[in-house]
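Coordinate inspection notes
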Amino acid sequence: MTQVATSPHSYAAQFARFTQQTTLPDALASLRDDAFSCFDRLGFPTTRLEEWRFTNVAPIAETPFVAPPTGIDYTRADLDALHLTRLGGPELVFVNGTFAPALSTTDGVPAGVRIRSLATVLAHEDAAAVAVHLGRLARIESHAFTALNTAFLCDGAVVEVASGVVVDTPIHLLFVTRSGAEPVLSQPRVLVVAGANSQVRVVESHAGDGETPYLNNTVTEISVGDYAVVDYYTLVREAAAGFRIGSLHAALGRSSNFSSHIITLGGAIVRNEARLVFAGEGGECTLNGLYLAKERQLVDNQTTIDHAQPHCDSHELYKGILGGRSRAVFNGKIIVRLDAQKTNAKQSNKTLLLSEDAQITTKPQLEIFANDVKCTHGATVGQLDQDALFYLRSRGLSRDQARQLLTHAFASDLLGHIKVEAIRTQLDALLLEWLPVGG
Amino acid sequence: MLVVRNLHAKVGNRQILNGIDLTVNAGEVHAIMGPNGSGKSTLAGVLAGRDEFVVTAGSVTFKGQDLLALEPEERAREGLFLAFQYPVEIPGVNNAYLLKAALNEVRKHRGEPVLDAIDFLTLARERMKLLGIDDSLMDRPVNAGFSGGEKKRNEIFQMAVLEPSLAILDETDSGLDIDALKTVAAGVNAMRSPDRAMVVVTHYQRLLNYIVPDFVHVLSDGRIVKSGGKELALELEEKGYGWIESAPAAASSEAPPQTVESV
Ligand SMILES: Nc1ncnc2c1ncn2[C@@H]1O[C@H](COP(=O)(O)OP(=O)(O)OP(=O)(O)O)[C@@H](O)[C@H]1O
Ligand SMILES: [Mg+2]
């Protein structure tokens, strides 16, 4: 068979090699095979698909990504050069999707919490117990990128919090990507299982460097136990040439509370999907997103909140700040199932356009089958307030300072929701100096 | 300090200022009065550099420089301050943050070292006390949700911190009850000094009982139609504007400066 670099066939060859090199528990081996067939059948999405209409991933499909070379020399200095917020607690670092123990620390992991690399878990005897969670929320059948990630399942992070355990320090998972001579495909997998009545904060940081494109294709699955409180942060600071496709899936147990904050600051094409399902009654979720884009960046946020159970509240706020010729897409789907009475769902997407060439496509999608529900949604698009700009300048601030201050102000309510102080402080600073060139 | 010559300005296609002449020397307080829509705020806006006002003729020099050639922030750093008639609400921008940034820009421009957070707070607290302003105002977003009176006080507070050489107060008195008016006036008076000038725009002579002006000018239809001493304000209060609007223009505003009163 001839290998065509731009077709999935090259992935087929890589998959064949991959399956020879790695062994998995039976259940996962068949999941992996299924996943590759799905990917093979689906191919990369095109803009003909409704869910990808405004996000053209041709640049990804046309790049011949390869599995990362092993034993890449990535130092602590390389990591520090990315200036990622460090949280002082347990920190697992992944280089091109592979766990890097030398860069990681699991000091201070409290009793009742296990933080391991997926590779470690898969080699361990309890692999099967963990494996049941993989692929349960992140379905491979209709999503090529999820299928691709699942097909190459081998490493990533597994965080397990036992029932009733309250974790004070946030757990930090860092995913750094760097291409060598060839564009690499990094495909980490994250699994978080928070037991009943537990509380935990997890931060995923995604970053990269170098001029060569790479694809960071991440799948995160989170199981929020009954009465558990999980606060989840996804910080996306990919390199200018980097692509990221990430999906976060969470199932919320009875009366649990889950919040997700997805913050995008960098990357050529970034797609963040968040799919939440209320699996028990009385749950509450907050879904926040902030995305800053300039030049020719494309940021796509897709959210789905599935109110499958009654008496659940969801609050969703996504805000975008777009400069240059950047484009953003927001698609917020809320499903309220027949039985999900007393649902309270609030969705809002607000965009600040800093240039005339920037563009947002925003689309709320409500599918409501129950009758006793409260659902609201709204979208606004605006520019910087000229009166405010003049007011600030009349006090002695330069035009750029005034613009930065107002840009920061636009995002300030979202920043206020960030409970990990180190992250909030860094984002405060980043926003105050963020300014797209030429508007 | 400020010399305005034959100033004409328009907004859109509408001519609003039709030849303003005004000279303000250091140490002087000028009051500008005039009916609604006569162009008082437009004049203030042109001086502060609001870009929707287009100067079509005339000149303005400030401390010997061509004021109209400067950006709004450069004017501020040179020492011009406008207390807005309608202070802008800016949710999400912290009052203290703005003021510290503004003060440090001004200080940098003057060649003075920037203040750190602690020195800034010490200064700000002192000025707040002077103006009877509550500490909590500093931690709130700029003007957002402020009452009318709080907004006006906040403007004067900013002025007290920035210490401009020329302050233009556009209807800082409107909406203030008598107690608030007295506090604001006391704050303004405390700032009066031989090297600082003020232009006070007001509709009512009441404010001028507390901030006693050296000169009073009447603006009508974009022109100064009459100038005089503080007694002109009383006359206006009594007779309204009708009697001068048709009168021939302006006595000179360049009368010798009077002694500066402090209250
Ligand atoms: N941005 C603008 N666009 C259009 N017209 C304007 C604008 N600003 C001011 N004007 C008009 O210019 C004229 C002068 O307005 P200005 O605000 O200077 O008056 P003023 O003397 O300050 O009045 P007031 O006593 O009501 O504050 C008014 O007729 C006003 O409607
Ligand atoms: Mg006015």
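Parameters at a glance
- Residues numbered from 1 in each chain as written.
- Chains lettered and ligands numbered in written order.
- Predicted model: local features only at pLDDT ≥ 70, side-chain atom pairs only at ≥ 80, totals over all residues.
- Heavy atoms only, no water.
- Helix = DSSP H or I, 4+ residues; strand = E, 2+ residues; numbered from the N terminus.
- Rg over C-alpha atoms; globule rule 2.2 N^0.38 Å.
- Buried < 20%, exposed > 50% of the residue type's maximum accessible area, 1.4 Å probe, protein only.
- Contact = heavy atoms within 4.5 Å.
- Lys, Arg positive; Asp, Glu negative; His and termini not counted.
- Charge placed at Lys NZ, Arg CZ, Asp CG, Glu CD.
- Pairing = 2+ DSSP bridges.
- Near = heavy atom within 4 Å.
- Polar contact = N/O pair within 3.5 Å; in protein donor to acceptor, adjacent residues only side chain to side chain.
- Areas by Shrake-Rupley, 256 points an atom, 1.4 Å probe, with all protein chains shown as cover.
- Nonpolar A, V, L, I, M, F, W, Y, C, P; charged D, E, K, R; others polar.
- pLDDT = per-residue confidence, 0-100.
- Phe/Tyr/Trp six-rings, centres within 6.5 Å; stacked < 30°, edge-to-face > 60°.
- Lys NZ or Arg CZ within 6 Å of the ring centre and 35° of its normal.
- Buried area = accessible area lost by both parts, 1.4 Å probe.
- Salt bridge = Lys/Arg side-chain N within 4 Å of Asp/Glu carboxyl O.
- Donors = N, O, S within 2.8 Å, 3.2 Å for Na, K, Ca; no water.
- Core = buried A, V, L, I, M, F, W, Y, C linked by side-chain atoms within 4.5 Å.

Moving on to the overall build of chain A. When helices and strands are tallied, chain A shows 10 helices and 20 strands. Taking 22 Å as the expected radius of gyration for a compact globule of 439 residues, we find that chain A reaches 21 Å, a close match to that expectation. Overall, the C-alpha framework of chain A stretches about 65 × 50 × 45 Å when taken along its three principal axes. Counting every position in chain A, which comprises 439 residues, the buried fraction comes to 59%. Considering only contacts within chain A whose residues lie at least 6 apart along the sequence, 83% involve residues at least 24 apart. For chain A, the distance from the average position of its 37 positive side-chain charges to the average position of its 46 negative side-chain charges is 5 Å.

A word on the sheet that holds strand β8 (residues 199–209) of chain A. Residues and elements named next belong to chain A. With mixed pairing, 10 strands are arranged side by side in an open sheet as β2-β1-β5-β8-β10-β12-β14-β16-β18-β20. Only two strands of the sheet have a single partner each, and these edge strands are β2 (98–99) and β20 (374–382). Where strand β1 (residues 91–95) and strand β5 (residues 171–178) come together, 5 bridges link them in parallel fashion. Each bridged residue has a counterpart across the sheet, and for V95 the counterpart in β5 is V176.

Moving on, we get to the site of ligand 1. All names here are of chain B. Among the 16 residues in the neighbourhood of ligand 1, the closest are listed as R14, K40, S41, T42 and H203. Within the side chain of R14, an N or O atom sits 2.8 Å from an oxygen atom of ligand 1. Look at ligand 1: alone it shows 640 Å² of surface, and the protein chains cover 67% of it. Secondary-structure elements contributing two or more residues to the shell around ligand 1 are β2 (14–24) and α1 (40–48). The element that contributes the greatest number of residues to the shell around ligand 1 is α1, accounting for 3 residues. Of the residues that constitute the shell around ligand 1, the class distribution is 4 nonpolar, 8 polar and 4 charged.

What follows is about the confidence of the model for chain A. In this model, chain A carries a mean pLDDT of 94, and residues with pLDDT of at least 70 account for 97%. Scored below 50 in pLDDT, residues 1–6 of chain A shows 9 contacts in the model against residues more than four places distant or in partner chains.

Moving on: the packing of aromatic side chains. Residues and elements named next belong to chain A. The final tally for this structure, using the stated rule, is 15 aromatic pairs over all chains. The rings of Y11, F15, F18, F36, F39, F44, W52, F145 and F152 are connected pair by pair, giving a single aromatic cluster. The ring of F410 has K319 lying over it, and the distance from NZ or CZ to the ring centre is 4.6 Å.

Moving on: the interface of chain B and chain A. Many analyses report the size of an interface as the accessible area lost when the parts associate. Counting from both sides, the interface comprises 28 residues of chain B and, opposite them, 20 residues of chain A. Of the roughly 1,900 Å² buried between chain B and chain A, counting both surfaces, carbon and sulfur atoms make up 64%. Taken together, the connections running from chain B to chain A amount to 4 salt bridges. The interface formed by chain B and chain A includes 12 residue pairs in polar contact (both at pLDDT 80 or more). For the side of chain B that touches chain A, the secondary-structure elements that each account for two or more residues are α2 (72–78), β6 (80–83), β7 (90–94), α3 (95–110) and α5 (148–162) of chain B.

Residues and elements named next belong to chain B. With respect to the helices, strands and loops of the structure, V29 is situated in strand β3 (residues 29–33). The class for V29 is buried, based on a relative accessible area of 2%. A sequence separation of 103 residues divides V29 from G132, and the C-alpha atoms of the two residues are 23 Å apart. Excluding residues that lie within four positions of it along the chain, V29 makes contacts with R192, M198, V200, I211, V212, P213, D214 and F215.

All names here are of chain B. For chain B, the average pLDDT comes to 90, and 93% of its residues sit at 70 or higher. In this model residues 249–263 is a low-confidence stretch, pLDDT under 50, and it forms 29 contacts with partners more than four residues away in sequence or in other chains. What the predictor reports for the complex is a pTM of 0.90 with an ipTM of 0.92.

A separate point is the coordination of the magnesium ion (ligand 2). Residues and elements named next belong to chain B. At the metal site, the magnesium ion (ligand 2) is ligated by S41 (OG) and Q85 (OE1), and these contacts range over 2.0 to 2.1 Å. With S41 in helix α1 and Q85 in the loop between β6 and β7, this pair connects stretches of sequence that are 44 residues apart. Looking at Q85, the relative accessible area reads 14%, which means it is buried.

What follows covers the nonpolar core. Counting 108 residues, the largest nonpolar core has A:I321, A:I423, B:I20, B:I90, B:F120, B:F157 and B:L166 as the members making the most contacts within it. By residue number, the principal contributor to this core is helix α9 (residues 399–416) of chain A, which donates 8 residues. The contact partners of B:I20, leaving out residues within four places of it in the chain, are B:V4, B:R5, B:N6, B:L7, B:L43, B:L219, B:G222, B:R223 and B:I224.

Our next topic: the environment of A:H172. Residue and element names in this part refer to chain A. Its location among the elements puts H172 in strand β5. Its relative accessible area of 1% is what places H172 among the buried residues. Residues H172 and N56 lie 116 residues apart in sequence; the distance between their C-alpha atoms is 31 Å. Once residues within four sequence positions are removed from consideration, H172 is found in contact with T85, L87, P90, E91, L92, V203 and S205. At 3.3 Å, the side chain of H172 and the side chain of E91 are in polar contact. A distance of 2.8 Å separates polar atoms of two side chains, one belonging to H172 and the other to S205.

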